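An overview of the molecular structure
As a plain string of letters, each chain reads:
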Amino acid sequence: MKNLVSILVLVFAITFTTQAQKKRGGHGDKSSNLTPEQHATLAVKKMTLALDLSDRQQNEIKPLITAKMAERKAAMEQRKANKGDKKRPTADEKYAMQNKRLDDKIYMKNKMKDILNKEQFEKFEKMQKGRNKMAMNKMKGKKGSKNNKGSKRGNRSQQGK
């Protein structure tokens, strides 16, 4: 009888814990209710602090970032719609998306090179490399998050044991 009660308590505790974690799960969408213009304004201000941008540079960078944010938001909406339909992109679609993404990166880099001075551009490049590293680490953690014991989520859940 004691074993049965112990097992039931354990099952309820595990169920309660997993439900609480599922409710907390949407922490990545903190700023999703901002418009692309608001995102761009914040991004330009952060860049101004980091790179000491002039007013002219801010005015040249803001439309670039606004367009980038609007494009990103549209792509995210498209991915959500496809995810709901359980539609996966074909190999040609993946190639086209990656090709477009890389073209956009090249365009943005060239524009930033024209707008920023040499010192600012070098610092901008370092910032981008740091962001890319963080994104790669985040993706590594997400890819196998269910079975990945090395991820942050896996470590967090094991800390309570």
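Residues numbered from 1 in each chain as written. Predicted model: local features only at pLDDT ≥ 70, side-chain atom pairs only at ≥ 80, totals over all residues. Heavy atoms only, no water.

Points about the overall build of the protein chain
Looking only at helices and strands, the protein chain has 6 helices and 0 strands in total. In sequence order, the secondary structure elements of the protein chain are arranged as α-α-α-α-α-α. A burial count over the protein chain gives 14% of its 161 residues as buried. A fraction of 61% describes how many contacts in the protein chain between residues 6 or more apart in sequence connect residues 24 or more apart. Of the roughly 13,900 Å² of accessible surface on the protein chain, 57% is carried by carbon and sulfur atoms. (Helix = DSSP H or I, 4+ residues; strand = E, 2+ residues; numbered from the N terminus. Buried < 20%, exposed > 50% of the residue type's maximum accessible area, 1.4 Å probe, protein only. Contact = heavy atoms within 4.5 Å. Areas by Shrake-Rupley, 256 points an atom, 1.4 Å probe, with all protein chains shown as cover.)

Brief notes about the environment of I115
Within the element layout of this structure, I115 appears in helix α4 (residues 91-115). The sequence separation of I115 and R56 amounts to 59 residues, and the corresponding C-alpha distance is 8.9 Å. Here I115 is in contact with R56, Q57, E60, I61 and L64, once residues within four sequence places are set aside.

Let's talk about the pattern of salt bridges
This structure, assessed with the given rule, holds 4 salt bridges. E60 serves as the salt-bridge partner of R56, at 2.7 Å between the closest nitrogen and oxygen. On the criterion of helical spacing, the pair formed by R56 and E60 is a turn pair, its members being 4 residues apart in helix α3 (residues 55-84). Taking relative accessible area as the criterion, R56 reaches 47% and is therefore assigned partly exposed. E60 gets classed as partly exposed once you look at its relative accessible area, which sits at 32%. Residue K109 is joined to E125 by a salt bridge in which the shortest nitrogen-to-oxygen separation is 3.6 Å. (Salt bridge = Lys/Arg side-chain N within 4 Å of Asp/Glu carboxyl O.)

What about the packing of aromatic side chains?
This structure, assessed with the given rule, holds 1 aromatic pair. Ring geometry for F121 and F124: centres 6.3 Å apart, planes at 35°, overall tilted. Residue F121 and its partner F124 are both found in helix α5 (residues 118-143); the two are separated by 3 residues, about one turn of the helix. Residue classification places F121 among the buried positions, given a relative accessible area of 12%. (Phe/Tyr/Trp six-rings, centres within 6.5 Å; stacked < 30°, edge-to-face > 60°.)

Quick word on the environment of A67
Summarising the element assignment, A67 is placed in helix α3. Taking the relative accessible area as the measure of exposure, A67 reaches 45% and is therefore partly exposed. Along the primary structure A67 and P36 are separated by 31 residues, whereas in three dimensions their C-alpha atoms are 7.8 Å apart.

Looking at α4
Taking 1.5 Å per residue, 25 residues should reach 36 Å; α4 reaches 36 Å between its end C-alpha atoms and fits that length. Among the residues of α4, M108, M112 and I115 are the ones counted as buried. (Expected span 1.5 Å × (residues − 1).)

Points about helix α2 (residues 36-51)
For α2, with 16 residues, the first-to-last C-alpha span of 22 Å sits near the 22 Å given by 1.5 Å per residue. Looking at α2, one finds that the buried residues are P36, A40, A43, V44, M47, T48 and L51. For α2, the arc enclosing every buried residue in end-on projection is 145°, short of the 170-degree limit, so these residues lie on one face. Turned more than 90 degrees from where α2 packs its buried face, K45, K46 and L49 sit exposed. Trailing α2 by a residue or two, D52 shows a phi angle of about 55°, which is positive. (Arc of directions from axis to C-beta.)

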